[in-house]
Amino acid sequence: MMLRPWTFTLALMLGFASALAAQSVPEPTDLATLDLTVRHRVRTVYFAPSDRPFPPGIRERLDTWIRLTRQFYRDEMDYWGYRNEDGRGKTFVIDQAPDGMWDVVFMVGEHDAAHYQSFENPGDPWAVGGECLGEILSRLPAVFHNDNVTLYFFDTFEVEGESIRYTCNGGSGAPWEGEGAGYVLQGTHFLGAGFQTVALRPADQAEIFMQTESSGIREIRWDSQTLLLTRGEFASTYFGVPVHEIGHAFYLDHVFTDTDGDGVENNVMGNGFRRFGGRFGMPGPDEHPTILSPENAAELDTAIMFNQEDPFDISAVGSHYLWR
Ligand SMILES: [Zn+2]
């Protein structure tokens, strides 16, 4: 879903060596210590209600997700011939912590989950997330997100029957926050619902897409059928959701054309984000894995966020990508 930047007013409102064993529980970030000099980077905030502890390993899983997302855009830009001075596919640069991982701001909400959930409104799919975002924005200095793309993850969802409630996902450019600025508002349901959809290390992501047990959640899967998803199908769909939303944060529009003329629309900015597991060999989606359309690639070639000097080598080495 796309949030339209001109009408959206929610504002009102190195390594992996230790990651295997590391499933650390993060401490809340001291907001007085934020680096406010960061520009043209992809930053992030993880927001949890006061009665929801940060999950063990959450920092590692978010790092896996952003690395593989970064690698996806790099590989696709390379495929379409858009390369940087080093001859590598263009991609975005993350705000990196001194230990090399994505620098996540961990924030504990001022209220419990029930408080944020109480804002649920059938006429406004953004109401619960918007309430969280409103608090995040009121507690962070504006310069934190100025000239950056910022992902705001919020943990208020509940599984109810075969559905997920009290959550949402969306992304948009945010030109009022400066050059190239954008944001994603993403519920943490993409990380799984009683099971994991994002691995602790990129190298372990492929096996998650192969899980055949039922997720218990009924959703639209990779082939557009609405079914009870396997855990692998849930992972494929929801790993891809924020990869799609961050595309909007980079100012990409939807593309629903059948790029390769094979009868399947598999663009990340169309319905193809659900096929993300196909890039890792997941049966079914692997026949038409998620791609970036040439229209979107041409847009990113001139995007300021895709033309930054990259001081880090944070490629997703060791992943089981199927290259195309
Ligand atoms: Zn969209």
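Quick caveat: nothing in here was measured; it's all calculated off a predicted structure.

Describing helix α3 (residues 127-139)
Okay, step 1: For α3, spanning 13 residues, the distance from its first C-alpha to its last is 19 Å, which sits close to the expected 18 Å at 1.5 Å a residue.
Okay, step 2: The buried fraction of α3 is high, at 10 of 13 residues.
Okay, step 3: Of the positions making up α3, those classed as buried are Ala127, Val128, Gly129, Gly130, Cys132, Leu133, Gly134, Glu135, Ile136 and Leu137.

As for the pairing of strand β7 (residues 182-187)
Okay, step 1: Taking burial as the measure, the 6 residues of β7 include 6 buried ones, the bulk of the element.
Okay, step 2: Residues Gly182, Val184 and Gln186 of β7 are buried on one face, and the alternating residues Tyr183, Leu185 and Gly187, pointing to the opposite face, are buried as well.
Okay, step 3: Relative to β7, strand β3 (residues 149-154) is paired through 6 bridges, and the arrangement is parallel. For Phe154, the partnering residue across the bridge sits in β7 and is Gly187.
Okay, step 4: One ladder, built from 5 bridges, connects strand β6 (residues 169-173) with β7; its direction is antiparallel. The partner of Gly170 across the bridge, within β7, is Leu185.

Points about the environment of Gly284
Okay, step 1: Within the secondary structure, Gly284 is located in the loop between α5 (231-249) and α6 (294-301).
Okay, step 2: Expressed as a C-alpha distance, the spacing of Gly284 and Asp223, which sit 61 residues apart in the sequence, is 8.2 Å.
Okay, step 3: Filtering out sequence-adjacent residues up to four positions away, Gly284 remains in contact with Trp222 and Arg275.

Examining the pattern of salt bridges
Okay, step 1: Scanning all chains against the criterion turns up 17 salt bridges.
Okay, step 2: Its salt-bridge partner being Arg218, residue Glu162 comes within 2.8 Å of it at the nearest N-O pair. Taken as a pair, Glu162 in the loop between β4 (158-160) and β5 (163-165) and Arg218 in strand β8 (residues 214-220) lie far apart in primary sequence, 56 residues in all.
Okay, step 3: Taking relative accessible area as the criterion, Glu162 reaches 35% and is therefore assigned partly exposed.
Okay, step 4: Judged by relative accessible area, which is 39%, Arg218 ranks as partly exposed.
Okay, step 5: When the shortest N-O distance is used, the salt bridge between Arg221 and Asp223 registers 2.6 Å.
Okay, step 6: Look at Arg221 and you get buried, because its relative accessible area is 15%.
Okay, step 7: Residues participating in the shared-partner salt-bridge network are Arg52, Asp155 and Glu158.

Concerning the confidence of the model for the protein
Okay, step 1: On average, the protein scores 90 in pLDDT, and the residues at 70 or more come to 89%.
Okay, step 2: Ignoring residues within four places in sequence, the model shows residues 1-19, a span with pLDDT below 50, making 44 contacts including any to other chains.
Okay, step 3: Scored below 50 in pLDDT, residues 316-324 makes 31 contacts in the model with residues more than four places away or belonging to other chains.

A word on the coordination of the zinc ion
Okay, step 1: Those protein atoms acting as donors to the zinc ion are His244 (NE2), His248 (NE2) and His254 (NE2), and they sit at 2.1 Å.
Okay, step 2: In primary sequence terms, the donor set of the zinc ion follows H-x3-H-x5-H.
Okay, step 3: Judged by relative accessible area, which is 1%, His248 ranks as buried.
Okay, step 4: His254 gets classed as partly exposed once you look at its relative accessible area, which sits at 31%.

Comments concerning the sheet that holds β6
Okay, step 1: Pairing is mixed in the open sheet, where 5 strands are placed in the order β2-β1-β3-β7-β6. Strand pairing shows two members of the sheet lacking a second neighbour, β2 (104-108) and β6, which therefore form its edges. Averaged over all pairs of adjacent strands, the angle between their axes in this sheet comes to 15°, without regard to strand direction.
Okay, step 2: On top of the sheet, α3 reaches β1 (42-48), β2, β3 and β7; it is set at about 125° to β3, its chief contact.

Topic: α6
Okay, step 1: Looking at α6, one finds that the buried residues are Asn296, Ala297 and Leu300. For α6, the angular spread of buried residues about the axis comes to 100°, placing them on one side.
Okay, step 2: On the buried face of α6, the contacting elements are α1 (58-79).

Topic: the packing of aromatic side chains
Okay, step 1: Scanning the entire structure with this criterion turns up 24 aromatic pairs.
Okay, step 2: Judged by centre distance (5.1 Å) and plane angle (45°), the ring pair of Phe209 and Phe280 falls under tilted. Here Phe209 is found in helix α4 (residues 205-209), whereas its partner Phe280 is found in the loop between α5 and α6, with 71 residues between them in sequence. Each member of the pair Phe209 and Phe280 is classed as buried.
Okay, step 3: Between the aromatic rings of Phe276 and Phe280, the centroid separation amounts to 6.1 Å while the plane-to-plane angle is 40°, which identifies the pairing as tilted.
Okay, step 4: Residue Phe276 is classed as buried on the basis of its relative accessible area, which comes to 0%.

About the thresholds
- Residues numbered from 1 in each chain as written.
- Predicted model: local features only at pLDDT ≥ 70, side-chain atom pairs only at ≥ 80, totals over all residues.
- Heavy atoms only, no water.
- Helix = DSSP H or I, 4+ residues; strand = E, 2+ residues; numbered from the N terminus.
- Expected span 1.5 Å × (residues − 1).
- Buried < 20%, exposed > 50% of the residue type's maximum accessible area, 1.4 Å probe, protein only.
- Pairing = 2+ DSSP bridges.
- Contact = heavy atoms within 4.5 Å.
- Salt bridge = Lys/Arg side-chain N within 4 Å of Asp/Glu carboxyl O.
- pLDDT = per-residue confidence, 0-100.
- Donors = N, O, S within 2.8 Å, 3.2 Å for Na, K, Ca; no water.
- Axes fitted to C-alpha atoms, helices over the stretch in contact; angles between N-to-C directions.
- Arc of directions from axis to C-beta.
- Phe/Tyr/Trp six-rings, centres within 6.5 Å; stacked < 30°, edge-to-face > 60°.

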